[in-house]
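# Understanding the architecture of this molecule
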Amino acid sequence: MSGIIGKKIGMTNIFQSDEASTKQIACTLLQVGPCVVTQVKTKETDGYDAIQLSYGEKKPKNTSKAMKVHFEKAKTTPKFKVIEFKGFAKGKYQLGDVLTVTDIFSEKDVVNVIGTSKGKGFQGVVKRHGFSGVGATTHGQHDRARHPGSIGASSYPSRVFKGLRMGGRMGGDRIKTKNLKVLRIYPQDNAILVSGSVAGANNSYIIIEKS
Amino acid sequence: MNPLIKKLVESENSSIRAKYPDFKSGDTINVHVTIREGTKDRVQQFKGIVIQRRNRNTNGETFTVRKVSNGVGVERVFPILSPNIALIEMIKQGFVRRARIYYMRGKMGKAARIKDKKVVVS
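Structure report, in brief. Every chain begins its residue count from 1, and numbering advances along the sequence as written. Chains carry letters from A onward and ligands carry numbers from 1 onward, assigned in written order. Under the rules for a predicted model, residues below a pLDDT of 70 receive no local features and side-chain atom pairs below 80 are neither given nor counted, while totals for whole chains, interfaces and linings still include all residues. The basis for every side-chain value is the complete set of heavy atoms in the structure, and neither hydrogens nor water enter the calculation.

### What about the nonpolar core?
Take the buried Ala, Val, Leu, Ile, Met, Phe, Trp, Tyr and Cys residues and link them wherever side-chain atoms come within 4.5 Å; each set so joined is a nonpolar core. Buried means the residue's accessible area, taken with a 1.4 Å probe over protein chains only, is under 20% of the maximum for its type, while exposed means over 50%, and partly exposed covers the values in between. In terms of nonpolar packing, the biggest core is built from 29 residues, with Ile4, Leu30, Leu53, Phe105, Ile192 and Ile208 of chain A touching the most fellow members. Discounting chain neighbours no more than four positions away, the residues touching isoleucine 208 of chain A are Gly3, Ile4, Gly6, Leu30, Gln31, Val32, Phe105, Val111, Asn112, Val113 and Ile192 of chain A. By size, the runner-up hydrophobic cluster in this structure holds 14 residues, among which are Ile29, Phe46, Val50 and Ile85 of chain B. Any two residues whose heavy atoms approach within 4.5 Å are treated as being in contact.

### Remarks on the sheet that holds strand E4 (residues 50-57) of chain A
Strand pairing in a sheet relies on backbone hydrogen bonds, with the paired strands running either antiparallel or parallel. Residues and elements named next belong to chain A. A pair of strands is considered paired only if DSSP assigns at least 2 bridges between the two. Each helix is a run of H or I in the DSSP string that is no shorter than four residues. Each strand is a run of E no shorter than two, and both are numbered from the N terminus. Ordered by their spatial adjacency, 4 strands build an open sheet running E5-E4-E3-E6, and the pairing between neighbours is antiparallel. What marks the edges here is a single partner per strand, and that holds for strand E5 (79-85) and strand E6 (98-99). In this sheet, E6 lies alongside strand E3 (residues 35-41) in antiparallel orientation, the contact comprising 2 bridges. By the bridge assignment, cysteine 35 is partnered in E6 with leucine 99.

### Let's talk about the pattern of salt bridges
Whenever a carboxyl oxygen of Asp or Glu lies within 4 Å of a side-chain nitrogen of Lys or Arg, that contact is scored as a salt bridge. All told, the structure shown has 15 salt bridges over all chains when counted by the stated rule. The shortest N-O distance in the salt bridge between lysine 41 of chain A and glutamate 84 of chain A comes to 2.8 Å. Pair noted here: lysine 41 of chain A is in strand E3 and glutamate 84 of chain A is in strand E5, with a separation of 43 residues, a long-range link. Its salt-bridge partner being aspartate 22 of chain B, residue arginine 53 of chain B comes within 3.9 Å of it at the nearest N-O pair. Of this pair, arginine 53 of chain B sits in strand E2 (residues 40-54) while aspartate 22 of chain B sits in the loop between helix H2 (14-19) and strand E1 (28-37), and the two are 31 residues apart along the sequence. The class for arginine 53 of chain B is buried, based on a relative accessible area of 15%.

### Some points on the sheet that holds strand E7 (residues 110-116) of chain A
Residue and element names in this part refer to chain A. The strand order around the closed barrel formed by 6 strands is E1-E2-E11-E10-E7-E12, and the pairing between neighbours is antiparallel. Averaged over all pairs of adjacent strands, the angle between strand axes in this sheet comes to 45°, irrespective of strand direction. Pairing analysis gives 11 bridges linking strand E1 (residues 3-17) to strand E2 (residues 22-32), with the strands arranged antiparallel. Across the sheet, residue glycine 6 finds its bridge partner in E2, namely valine 32. To obtain each axis, a line is fitted to C-alpha atoms, and for helices this fit is confined to the stretch in contact; angles are then taken between N-to-C directions over 0 to 180 degrees.

Here is the structure:
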């Protein structure tokens, strides 16, 4: 799928009207590119077709020698994020090309956005899996309102099944939000406005792909 | 908030904001609201005291107007950028000490009066 790397800037809302009604809709502003093509993979040399895009500035002193040379080949400065994309038209982009918003997206497009959700730490089953807890605080249930309840039978199977939902680390996952509408495009600032929310904190890196 | 959001998205609405008077909590205003009935549009007026303005200068800004109608307190929340607001009239500027005058909810009749703001004439 063709896509581009960017950054979540933050949320706001706009009024949008159609014939029937006017709605106030929540929307997210995303920084989109500009991305540099740092490698072009082809079927002959690598076994598949893809292009590698790079985004975000990185200090040269924090870049390994190998990567420095890699970026030099594309005649660009060291970049922070390096991600490969399949699905671009073959031979359309060459090494060192710069992709901007208008190259990929136009208004009324539908996009998917991949982000890393905010870390929540160790969470119980009520928050993490949406369990309803034990419920009652009477009938002797004085201290287990947010517990998971039973986790299985006794002598058979004599064990707890694998994959049973329990408490644990929550958040920090790769989350893809599908079918967000592109409401506006700001080519000068390399930004797009999409409907709805996107996983992750402000200023976190995201991947925006065409759906 | 990121300045880019202000610059790109929220600056579009400065002309809408400029249409309205700069009212604050404690002021008495009259809000003309367009209401769609079937296919016809009608303008309804809602006159009362502003008891709060939330999220000022953002797209999500709302204000709450309170009035006492037939002895029953009625409060209505308007998004300031709502296209349904036709007009906001300033009736009276009031003097209050806080930004959110929720204490008005517990007051009725004479106790629910607000001092007029003294306007300095230079």
